[in-house]
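# Descriptive analysis of the structure
What follows is each chain in one-letter form.
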Amino acid sequence: MSEAKLKRTLTGRIVSDKMDKTVTVLVEHLVKHPLYGKVVRRSKKYHAHDETNQYHEGDLVTIVEGRPLSKTKSWVVTALIEKARIV
């Protein structure tokens, strides 16, 4: 039997929703420095597909890897974890 390939999932905060059907998601993770041992925060931005434009800046979302939709976009927003707080 052939097994389905596992898709990578990441969790991050939306930092931009200015594009049509696309959001920019900032994913942060903690890494221990190899020499000094200090824990350092590393981050990377991903463009993710948002078909209905329902996610907005500040929302915490889960993204999953998918097929390439454009030159820079190969992730799809799957779930809203936390809505952005309005100040």
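Overview of the structure. Please read all numbers here as calculations on a predicted model, not as lab measurements.

## A look at the pairing of strand β5 (residues 73-82)
As paired elements, strand β3 (residues 39-49) and β5 share three bridges and run parallel to each other. Its bridge partner lying in β5, histidine 47 is registered against lysine 73. Of the strand pairs in this sheet, strand β4 (residues 60-65) and β5 are connected by six bridges, and their pairing is antiparallel. From the neighbouring strand, isoleucine 63 faces β5, where its bridge partner is valine 77.

## A short note on the pairing of β4
Working note: regular strand, side chains alternate between the two faces of the sheet. Across the six residues of β4, five count as buried, placing the element largely inside the fold. Bridge count for strand β1 (residues 9-16) against β4 is five bridges, and the pairing is antiparallel. Its bridge partner lying in β4, glycine 12 is registered against valine 61.

## A look at the nonpolar core
In this structure, Ile14, Val23, Val25, Val27, Tyr46, Ala48, Tyr55, Val61, Ile63, Trp75 and Val77 together form the largest nonpolar core, which totals eleven residues. For this core, the element with the highest residue contribution is strand β2 (residues 22-32), accounting for three residues. Those residues in contact with tyrosine 46 that lie beyond four places of it in its chain are Leu10, Val23, Thr24, Val25, Val27, Ile63 and Trp75.

## A look at the sheet that holds β1
Pairing in this closed barrel of five strands is mixed, and the strands run β1-β2-β3-β5-β4 around the ring. On average, each strand axis in the sheet is tilted by 50 degrees relative to the strand beside it, whichever way the strands run. Where β2 lies against β3, eleven bridges are found, and the strand directions are antiparallel. Bridging from a neighbouring strand, leucine 26 pairs with lysine 45 of β3.

## As for the environment of isoleucine 86
Structurally, isoleucine 86 can be placed in the segment after β5. When the C-alpha positions of isoleucine 86 and glycine 58 are compared, they lie 9.2 Å apart, and in sequence the two are 28 residues distant.

## Remarks on unusual backbone geometry
Although it is not a glycine, lysine 21 adopts a positive phi angle of roughly 65 degrees. Relative to the elements of secondary structure, lysine 21 occurs in the loop between β1 and β2.

What counts and what doesn't
- Residues numbered from 1 in each chain as written.
- Predicted model: local features only at pLDDT ≥ 70, side-chain atom pairs only at ≥ 80, totals over all residues.
- Heavy atoms only, no water.
- Pairing = 2+ DSSP bridges.
- Helix = DSSP H or I, 4+ residues; strand = E, 2+ residues; numbered from the N terminus.
- Buried < 20%, exposed > 50% of the residue type's maximum accessible area, 1.4 Å probe, protein only.
- Core = buried A, V, L, I, M, F, W, Y, C linked by side-chain atoms within 4.5 Å.
- Contact = heavy atoms within 4.5 Å.
- Axes fitted to C-alpha atoms, helices over the stretch in contact; angles between N-to-C directions.

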